[in-house]
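Observations on the model geometry
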Amino acid sequence: MDPVVFFVVLSSFYGILYFFDRFFKSCMHYPYDAFLKNTGVSVNFMSLHWHTSAFNRALLRWGSAGNSCTRRVMVTSFNVGVLATFSLLPIGLILLIVTIFSSGEADGSAVSSPSGGGVPVQLEILLPGVNLPLEEIGYYITTLVLCLVVHEMGHALAAVMEDVPVTGFGIKVRKRRGVTVIFNDLYLPYFQFFFCLPLAYTELSNDHLNGLRWFRKLRVLCAGIWHNFVFAGVCYLLISTVGITMSPLYAYNEHVVVTELTRKSPLRGERGLQVDDQITQVNGCAVKSEESWVACLQNTLKLKPGYCVSADFVQLNDESSAISHHSIDGQLQCCDELNPNVSCFEVVEDANGDVPVELPQHVCLNVRRTLEEVTEHCSSGVCSEGFCLRPLMRNITAIMTFKRQNFNGEKLPPVIYVGHPWDVTRTVGISAFVPRHSFLKAAWPDAWLLLLKYNVVFSIGLALINAIPCFGFDGAHITSTVIHSFLVGRVDQHAKRDLISVIITSVGTLLFGLALLKVAWLSFLRPLL
């Protein structure tokens, strides 16, 4: 879907929703207000809200952790979270500095890997329809909600464990008259979507929070970052073990299955590939995973295989022109260039330099019929039966033979395609998950895997950014707590300690703002000019 169309449709949806909300509030005031109150839904301009108190008991039970063993585990976990947060701080600052002062040749900051492979580590703004496929906006929004809920749930659990009242929890994205919208119900989850982007918050009692000792306070402030870090680790573990967890339902990395054929795919048609076909080989190269699928397609350009064909077939089907000639690009031709179904084949000498006397050096054969008669592939010109023929193709063109089978393992007729491998990779969707049962779809585990990858990237990014001392982030509160705790004996006046905290946070905010502006310029603004 085009990004403009998407945003127009979404804006229209919000407009209609807002119109009916105003209409029902004016015409059906009491019934509609009762409906909104019972469901917890509220509609504002370009934003949708939902809040509920259904999770209050669960939040209290999890945070209180009456079992002493469970409480010790949670305390230890949050202690590790404090250390992890402080270890992320220098990483985040170094990343910001490298991003600001890098040349920008690689569209962002890049740090080469120790092996010298030049794998970039870069700060990048991810937006659907810009540098992410718009079709994945569902994954984008779902991931944002999950990461934000996990982050704020960490703050809430740590606060309950430290006996700090939580006066609000949920997702919101804007302020009204400069004051954050807060619901005073205890442990009240609150969800708000502005257009299509959510934002989360946890409102704590400042008096109770500031009354804690400095390390207990840091447990609460660092809990969100730690939860994001742990959540990313859990998602990465699920990605690493996806072959095991999916094994009862799917065979993983045994073959690949066709999941999609675009409308303009040259392999569509009755004699082409079909959705749910299992591809086992490409030109004799075994296909067992997505990586081997790409490698086999790339090898079709690098390795020009020969085909063992009988002399009788060649003599009966040779359509060579009277005189071989060179085409405009210098490629030797022995066929009618207007006939796309034929190609010129060269007879390959064997290892001893022998050339069959009964065949000419170049012959013109129908590609499909020739490949259907092939008994085996040859590389050195040696065939157990027949003679070795190698097609004379342009460097950007290859002959690809796809061997396939159906769901039951029965072999299907091979699909033959003459063209560039890039046409295959961009128009044929495949999956390494082969269903074991007919009611399963190969696209389902791929969707699950993509969602996990989104959560790993977003969770690590959210944890890293929140550790930076920047206004509006957890790092600002963490910096203030550390300054007031460790400088209380050296700087007596509270106002001076506040000033030091503000200066440090302002420097972090400046670095973050400069890095953000540079990435925005490299990623979005400069390409438009």
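Look up a bit, the structure's there.
Let us look at the structure shown here. Residue numbers restart at each chain and count upward from 1, following the sequence in its written direction. The predicted origin of the model limits local features to residues at a pLDDT of at least 70 and limits the giving and counting of side-chain atom pairs to 80 or more, whereas totals for whole chains, interfaces and linings rest on all residues. The side-chain quantities take in all heavy atoms of the structure and omit both hydrogens and water.

1. Considering the overall build of the chain
Strands are runs of DSSP state E lasting at least 2 residues, helices are runs of H or I lasting at least 4, and numbering of each runs from the N terminus. In terms of regular secondary structure, the chain is built from 15 helices and 19 strands. Between buried and exposed lies partly exposed: a residue is buried under 20% and exposed over 50% of the maximum accessible area for its type, with that area taken using a 1.4 Å probe on protein chains only. Burial status across the chain gives 43% buried among its 529 residues. Each accessible area value is a Shrake-Rupley result obtained with a 1.4 Å probe; residue values ignore everything except the protein chains displayed when judging cover. Total accessible area computed for the chain in this model is approximately 28900 Å², and 62% of it derives from carbon and sulfur atoms.

2. Let's talk about the packing of aromatic side chains
Pairs were defined over the aromatic rings of Phe, Tyr and Trp, the Trp ring being its six-membered one, requiring ring centres within 6.5 Å. Orientation was assigned from the angle between planes: stacked under 30 degrees, edge-to-face over 60, tilted for the rest. According to the stated counting rule, one finds 16 aromatic pairs in the structure shown. Aromatic side chains Y32 and F35 sit 6.4 Å apart centroid to centroid with 25° between the ring planes, which places their arrangement in the stacked category. Of this pair, Y32 and F35 both sit in helix α2 (residues 29–39), three residues apart, which is roughly one turn of the helix. Where W293 meets F402, the ring centres are 6.0 Å apart and the plane angle is 40°; that geometry is what we call tilted. With a gap of 109 residues between them, W293 in helix α9 (residues 290–302) and F402 in strand β17 (residues 398–405) connect regions that are remote in the sequence. Since its relative accessible area comes to 0%, F402 is described here as buried. Members of the aromatic cluster, each reached through a chain of ring pairs, are F19, F20, F23, F24, Y32 and F35.

3. Some remarks on the side chain of E136
Its location among the elements puts E136 in the loop between α4 (68–101) and α5 (137–161). The side chain of E136 sits in the buried core without any salt bridge; K453 is the nearest counter-charge, 9.8 Å away. Pairs of residues are marked as contacts when any of their non-hydrogen atoms sit within 4.5 Å. Setting aside residues up to four positions removed in sequence, E136 forms contacts with L450 and Y454. By the counting rule applied here, Lys and Arg register as positive and Asp and Glu as negative, while His and the ends of each chain are not counted. Between Lys or Arg on one side and Asp or Glu on the other, a salt bridge is scored when a side-chain nitrogen of the former is within 4 Å of a carboxyl oxygen of the latter.

4. As for the state of the cysteines
Working definition: the covalent bond between the sulfur atoms of two cysteines is a disulfide. Throughout, a disulfide means two cysteine sulfur atoms within 2.5 Å of one another. Tallied over the full model, the rule gives five disulfides. Here C378 pairs with C388 through a disulfide, and the sulfurs are 2.0 Å apart. Taking the sign of the S-S torsion, about 85° here, the bridge from C378 to C388 comes out right-handed. Placement of C378 in strand β15 (residues 377–378) and of C388 in strand β16 (residues 387–391) is noted, with a sequence separation of ten residues between them. Look at C378 and you get buried, because its relative accessible area is 6%. Once the disulfide-bonded cysteines of the chain are ranked by sequence position, their pairing pattern turns out to be 1-2, 3-9, 4-6, 5-7, 8-10.

5. As for the pairing of β16
Regular strands place their side chains on alternate faces of the sheet. Strand pairing is assigned whenever DSSP detects at least two bridges linking the two strands. Pairing of strand β10 (residues 306–309) with β16 involves three bridges; the strand directions are antiparallel. Considered in β16, the bridge of V309 is made with F387. One ladder, built from three bridges, connects strand β13 (residues 342–347) with β16; its direction is antiparallel. The residue of β16 that forms the bridge with V347 is L389.

6. A look at a nonpolar patch on the surface
Exposure above 30% relative accessible area and the lack of any salt bridge qualify a residue for a patch; like charges then connect within 9 Å, and the nonpolar side chains Val, Leu, Ile, Met, Phe, Trp and Tyr within 5 Å. Residues I16, F19, F20 and F23 make up a contiguous nonpolar surface patch of about 410 Å² in total accessible area. With respect to the helices and strands, the residue F20 is situated in helix α1 (residues 3–27). Residue F20 is classed as partly exposed on the basis of its relative accessible area, which comes to 40%.

7. Points about the sheet that holds β16
Spatially, five strands are ordered β14-β13-β16-β10-β15 in an open sheet, and the strand pairing comes out antiparallel. Edge positions in the sheet fall to β14 (362–366) and β15, since each has one partner strand and no second. Across five bridges, β13 lies against β14 in antiparallel orientation. By the bridge assignment, C344 is partnered in β14 with C364.

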